[in-house]
Amino acid sequence: MIAIIIRIIKQMLNDKRSLILVLFAPIMIMTLSYFVFGESAYVPKIALIDVPYPVVQILEAQNLEILPQTGEMDEMLEAETVDGVIYFESGEIHLKMYELNSMKVSKISKEVLQAIKQIDPNAPTLQIEYLYGDSQSNTFDSIGYILLGVASFFFVFLIAGVSFVRERTLGTMERFMLSPIRRSTVVAGFLLGFGLLAVIQSVLVVIFVKYVLGLVIAGSLLGVLVIMILLAYVAVAFGSLVSTFANNEFQVAQFIPIIIVPQIFLSGMIPIELLPLGIGNLAYLMPVYYACNALNDLMVKGAPFVEVIPEVLILSGLILILFIANTLLLKKYRTI
Amino acid sequence: MSIEVKNVYKSFLKKIVLSDLNIVAEKEQILGVIGPSGAGKTTLIRLITGAIKSDSGEIFIDTVKVPNMKLFSQVGYMPQFDALYPDLSGWDNLLFFGRLYRCKGKKLFERCSKLFHFYDLYEEKDKLVYHYSGGMKKRLSLIIALVHDPQYLILDEPTVGIDPVLRKKIWDDFRDQAKQGKTLIISTHVMDEAEKCDKCALLYKGELLAFDTVEKLKSLTKSNEIEELFFRATEEQFI
């Protein structure tokens with residue numbers, strides 16, 4: 001097993017381009033998405049109606065431009081003089097927007113929530129309404145954590161899948177399967193070898209998004225790392241499994257629309273219970289869904305690590321299942 | 001210490017590749033598997049190593065039925081196409097396979113440098129295999145089959161693309177290995193290599209044309225050359 005791990009690391013070091021791809025492509029994607037979706041110089045303009053004075057004071061300290069009320073709520077939104085209106089009704093805080101624009105919504109709700117949490121840490125979340133369009137969703141900074149999960153999964157999957165296929169086309173797989181090594185040892189060696197790379201990647205990208213891009217990680221940073229690393233291991237095992245059904249590198253790439261794209265759509269970016277025909281239930285088959293769920297809890301909702309233990313168990317279980325499946329599939333090379 | 005192939009049949013995609021094969025390779029001997037391309041040489045070799053399963057019939061190595069976990073450590077296998085990692089140096093390729101056979105530490109390093117010296121590759125050991133020439137890859141592949149000093153050597157066309165000087169050296173080494181008590185099975189389509197074997201199994205279109213000592217096979221021909229047996233087989237087909 002150690003032999004396989006050493007070999008994979010040496011191969012990686014000799015193939016600098018792939019190494020750089022795995023380590024830095026997720027960082028590049030996160031940076032790009034930061035500029036595309038994220039924290040632009042945009043300062044939301046809001047109006048306040050029936051908001052208690054202490055809340056107003058704190059909101060003024062936030063990165064918001066608070067405009068005086070110039071008319072009826074809907075009129076203001078219609079005229080687009082303001083991006084959103086905050087009002088209190090039966091003890092709940094409401095945010096009303098012109099239309100669903102996840103960037104604006106997330107920016108406003110982030111600022112407002114930050115403010116409210118200063119007064120009451122247990123304050124209920126915002127009730128968001130739209131003048132046009134309707135959504136029950138609380139699209140709260142929905143892009144960051146999903147990209148984090150998807151990008152990391154995608155690149156590890158790709159590198160691992162291609163490496164396995166290459167191993168099979170070169171004949172090295174058949175060759176070393178004729179040495180006195182157990183099938184399970186082979187799979188474990190692969191998993192740990194590529195897994196090491198995946199761990200480095202996860203740590204790098206998480207640290208980067210937190211400290212350079214300033215993505216808010218409200219909950220446990222360690223928890224985020226644990227989820228990312230587990231997801232990366234799933235990606236290695238998945239890549240290995242899929243490569244069994246591919247005859248060359250190009251065929252691995254053909255799996256991207258089948259394996260990766262549905263995972264992006266069903267990652268929780270769009271609430272799965274809203275999808276018709278029960279399609280959303282497919283998400284329960286997707287490792288990225290569980291990871292994104294946990295990342296959402298940890299990063300956005302600030303949940304403690306214990307709350308994502310179910311996801312940790314599911315991802316670990318998936319790794320175990322894929323491990324067994326891979327071990328069985330190696331029978332193709334050696335019947336014992 | 002012999003390898004026995006008993007009544008082996010093998011077909012791929014409904015095409016019979018080997019039919020009713022019976023061969024024995026003895027200790028201290030070199031068994032040549034001779035035949036034109038497509039005769040079934042590689043299939044036979046892969047059956048013996050345990051890489052593929054026969055449809056029927058059995059193969060025994062030292063009375064143990066193939067495949068068997070314990071046998072793997074006693075068999076050295078060189079596939080027809082160089083199964084090497086192009087993104088590793090020759091040295092790292094050898095170390096990897098050596099470690100799989102549980103060779104370790106100083107002993108492994110000594111064994112590796114001895115083999116690299118013997119096959120004139122020592123100077124190139126730190127180059128990536130990607131930059132190796134065809135002949136160099138072939139030699140490295142052969143070295144890998146030898147790294148754990150196996151009792152049984154099963155080599156699929158080991159000398160293709162190797163120059164005549166080195167080829168002679170390699171065959172002398174095969175002979176030395178046999179003298180040390182090893183059992184060798186070597187496939188080739190080069191007839192003059194057949195003469196360097198003790199016994200030859202002549203394969204033609206998946207069937208065993210002849211299996212005997214080299215002298216005996218030669219005595220069956222007018223020209224005293226084994227290839228005559230193949231020419232005869234080809235002619236019989238057209239009659």
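Across its full length, chain B carries nine helices and 10 strands. What you see for chain B is a C-alpha radius of gyration of 18 Å, in line with the 18 Å of a compact globule of 239 residues. Counting all 239 residues of chain B, 45% fall into the buried class. In chain B, of all internal contacts separated by at least 6 residues, the share reaching a separation of at least 24 is 68%.

Quick look at helix α8 (residues 183–212) of chain A now. Residues and elements named next belong to chain A. Spanning 30 residues, α8 covers 42 Å between terminal C-alpha atoms, matching the ideal 44 Å at 1.5 Å per step. Along α8, the largest kink reaches about 25 degrees and is centred on Gly195. One or two residues past the end of α8 sits Gly214, with phi positive at roughly 70 degrees.

Time to look at helix α1 (residues 2–14) of chain A. Residues and elements named next belong to chain A. For α1, built from 13 residues, the straight-helix expectation of 18 Å at 1.5 Å per residue is met to within 8% by its first-to-last C-alpha distance of 18 Å. Every buried residue belonging to α1 is among Ala3, Ile4, Arg7, Ile8, Gln11 and Met12, and all of these are buried. Projected down its long axis, α1 shows its buried positions confined to an angular sector of 165 degrees, all on one face. Facing away from the buried side of α1 by over 90 degrees, the exposed positions are Ile2 and Leu13.

Glancing now at the interface of chain B and chain A. Between chain B and chain A, the residue contacts involve 23 residues of the former and 19 residues of the latter. Sorting the residues of the side of chain B that touches chain A by element identifies α2 (69–72) and α3 (90–100) of chain B as the ones contributing at least two each. With five residues, α3(B) is the largest single contributor of residues to the side of chain B that touches chain A. Partitioning the side of chain B that touches chain A into residue classes produces 16 nonpolar, three polar and four charged.

Take the packing of helix α9 (residues 221–243) of chain A against helix α13 (residues 309–329) of chain A next. Residue and element names in this part refer to chain A. Between α9 and α13, the least distance of the axes is 9 Å, while the angle of their chain directions is 20 degrees. Comparing their axes, α13 and α9 come out roughly parallel. Where α9 crosses over α13, the handedness of that crossing is left-handed. Facing Val226, Ile227, Leu230, Leu231, Tyr233, Val234, Ala237, Phe238, Ser240 and Leu241 of α9, the residues of α13 in contact are Glu311, Val312, Leu315, Ser316, Leu318, Ile319, Leu322, Phe323, Ala325 and Asn326. Tallied by class, the residues present in the contact of α9 with α13 amount to 16 nonpolar, three polar and one charged.

Quick look at the domain arrangement of chain A now. Its domain assignment divides chain A into domain 1 (2–36 + 141–332) and domain 2 (45–130). Centre-to-centre, using C-alpha coordinates, domain 1 of chain A lies 38 Å away from domain 2 of chain A.

Residues and elements named next belong to chain A. In the contact formed by α1 and α8, the axes pass within 8 Å of each other and the chain directions differ by 40 degrees. Here α1 is positioned oblique relative to α8, judged by the angle of their axes. The hand of the α1/α8 crossing is right-handed. For the pair α1 and α8, contact is made by Ile4, Ile5, Ile8, Ile9 and Met12 and by Val186, Gly189, Phe190, Leu192, Gly193, Phe194, Leu196 and Leu197, respectively. Grouping the constituent residues of the contact of α1 with α8 by class yields 11 nonpolar, two polar and no charged.

What follows concerns the domain arrangement of chain B. All names here are of chain B. Each assigned domain of chain B is listed with its residue range as follows: domain 1 (3–74 + 152–238) and domain 2 (85–149). Centre-to-centre separation of domain 1 and domain 2, based on C-alpha positions: 25 Å. Between domain 1 and domain 2, the contact holds nine residues from the first and nine residues from the second. Across the side of domain 1 that touches domain 2, the residue classes tally to six nonpolar, two polar and one charged.

Turning next to unusual backbone geometry. Residues and elements named next belong to chain B. In this structure, Pro67 follows Val66 across a cis peptide bond, with omega equal to -5 degrees. Mapped onto the elements, Pro67 comes out in the loop between β5 (64–65) and α2. Backbone geometry at Arg102 places phi at a positive 60 degrees, although glycine is not the residue there. Within the fold, Arg102 resides in the loop between α3 and α4 (105–118). At Asp149, a residue that is not glycine, the phi angle is positive and equals roughly 50 degrees. Of note, Asp149 is situated in the loop between α5 (134–146) and β7 (152–156). Classification of Asp149 by C-beta neighbours within 10 Å gives partly exposed; the count is 14.

Our next topic: the pairing of strand β8 (residues 183–188) of chain B. All names here are of chain B. The buried fraction of β8 is high, at six of six residues. Taking every second residue as pointing to the same face, both faces of β8 are buried, with Thr183, Ile185 and Ser187 on one and Leu184, Ile186 and Thr188 on the other. Sheet topology places strand β3 (residues 30–34) next to β8; five bridges connect them, and they run parallel. Bridge pairing in β8 places Leu31 opposite Ile185.

So, about the nonpolar core. Val156(A), Val234(A) and Ala235(A) are the most contacted members of the largest nonpolar core, which has 145 residues in total. With 16 residues, helix α6 (residues 142–170) of chain A is the largest single contributor of residues to this core.

Turning to the sheet that holds strand β1 (residues 3–12) of chain B, a few remarks are in order. Residues and elements named next belong to chain B. Strand order in this open sheet of four strands is β2-β1-β4-β5, and the pairing throughout is antiparallel. A strand with exactly one partner marks an edge of an open sheet, and here the two such strands are β2 (15–25) and β5. As paired elements, β1 and β2 share seven bridges and run antiparallel to each other. Looking across to β2, one finds that Phe12 is bridged to Lys15. Sitting on the sheet, helix α1 (residues 41–49) touches β1, β2 and β4 (56–61), and the angle it makes with β1 is about 120 degrees.

What counts, and at which threshold
Residues numbered from 1 in each chain as written. Chains lettered and ligands numbered in written order. Predicted model: local features only at pLDDT ≥ 70, side-chain atom pairs only at ≥ 80, totals over all residues. Helix = DSSP H or I, 4+ residues; strand = E, 2+ residues; numbered from the N terminus. Rg over C-alpha atoms; globule rule 2.2 N^0.38 Å. Buried ≥ 20, exposed ≤ 12 C-beta atoms within 10 Å, placed from the backbone. Contact = placed C-beta atoms within 7 Å. Expected span 1.5 Å × (residues − 1). Bend = angle between axes of the 7 residues up to and from the residue. Arc of directions from axis to C-beta. Nonpolar A, V, L, I, M, F, W, Y, C, P; charged D, E, K, R; others polar. Axes fitted to C-alpha atoms, helices over the stretch in contact; angles between N-to-C directions. Parallel < 35°, antiparallel > 145°, perpendicular 65-115°, else oblique. Left-handed = near helix turned anticlockwise from the far one by under 90°. Domains from an automatic or database assignment. Pairing = 2+ DSSP bridges. Core = buried A, V, L, I, M, F, W, Y, C linked by C-beta atoms within 7 Å.

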